[in-house]
Amino acid sequence: MPKIYQYKLVLLGESAVGKSSLVLRFVKNSFSDHQESTIGVDKDTLKFEIWDTAGQERYNSLAPMYYRGAHAAVVDSFERAKKWVTELLRNASPNIVIALVGNKLDLATHRQVTLEEGQAYADEANLLFTEASARSGDGVSEAFIKIAKKLPKTEQQMAS
Ligand code: GDP
């Protein structure tokens, strides 16, 4: 019998890297801004409650409440990704699933980090790695599906 699970997913990254745009693309399949979304994995339904920083990242860290109880995190773009991963590891559950998403793939000619560099850093830090474009939609659902597949389906996560 298919089950329904629910998770908290937090977004991290520098301002203007496209966090809100990625969520909007994923949740509503449009491009232009707390949202909820569902993903089907192996017949089960996984529901994400997605927390967006709402610009608080400009203070260079986020309130502990932001991380509390988070099951998954998307670190958007490579710019200072290490800083955000360090902050996550300090504040979030040790089991958190972290995905590094290189957004703005449509601007690939301006890219500052190669695919290989991104992948190497993600492998070293044990992160999922994907590239995406909130503008074109490429790679966006793939990023969230990758996360969904890594999340534990435990009793605790079952929706009541
Ligand atoms: P946030 O501050 O990280 O939430 O970033 P936003 O989602 O507000 O996006 C910042 C700016 O980048 C906006 O002008 C978006 O239109 C633009 N943007 C976001 N994603 C993409 C993308 O995939 N490609 C391009 N070209 N621009 C993007």
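What this report covers is the structure whose coordinates are included nearby. (Residues numbered from 1 in each chain as written. Predicted model: local features only at pLDDT ≥ 70, side-chain atom pairs only at ≥ 80, totals over all residues.)

Looking at helix α3 (residues 81–91), one finds that the buried residues are Ala81, Trp84, Val85 and Leu88. All buried residues of α3 lie within an arc of 100° about the axis, which places them on one face of the element. Across from the buried face of α3, at angles greater than 90 degrees, the exposed residues are Lys82, Thr86 and Arg90. Where α3 is buried, its residues touch β1 (4–12), α2 (64–67), β4 (72–76), β5 (97–102) and α4 (115–125). (Buried ≥ 20, exposed ≤ 12 C-beta atoms within 10 Å, placed from the backbone. Helix = DSSP H or I, 4+ residues; strand = E, 2+ residues; numbered from the N terminus. Arc of directions from axis to C-beta. Contact = placed C-beta atoms within 7 Å.)

On to the pairing of β1, then. Residues in a regular strand project their side chains so that they alternate between the two faces of the sheet. The sheet contact formed by β1 and strand β3 (residues 44–51) spans seven bridges and is parallel. Considered in β3, the bridge of isoleucine 4 is made with threonine 45. Taken together, the four bridges between β1 and β4 define a ladder with parallel strand orientation. From the neighbouring strand, leucine 9 faces β4, where its bridge partner is alanine 72. (Pairing = 2+ DSSP bridges.)

On to the packing of helix α1 (residues 19–28) against helix α5 (residues 140–150). The description of two helices packed together rests on the angle between their axes and the distance between the axes. Contact geometry of α1 with α5 gives a least axis separation of 9 Å together with a crossing angle of 85°. Taken together, the axes of α1 and α5 are roughly perpendicular relative to one another. Across from Leu22, Arg25 and Phe26 in α1, the residues of α5 making contact are Val140, Ser141 and Phe144. Of the residues in the contact of α1 with α5, the class split is four nonpolar, one polar and one charged. (Axes fitted to C-alpha atoms, helices over the stretch in contact; angles between N-to-C directions. Parallel < 35°, antiparallel > 145°, perpendicular 65-115°, else oblique. Nonpolar A, V, L, I, M, F, W, Y, C, P; charged D, E, K, R; others polar.)

Geometric descriptors of this kind do not, in isolation, establish any biological role.
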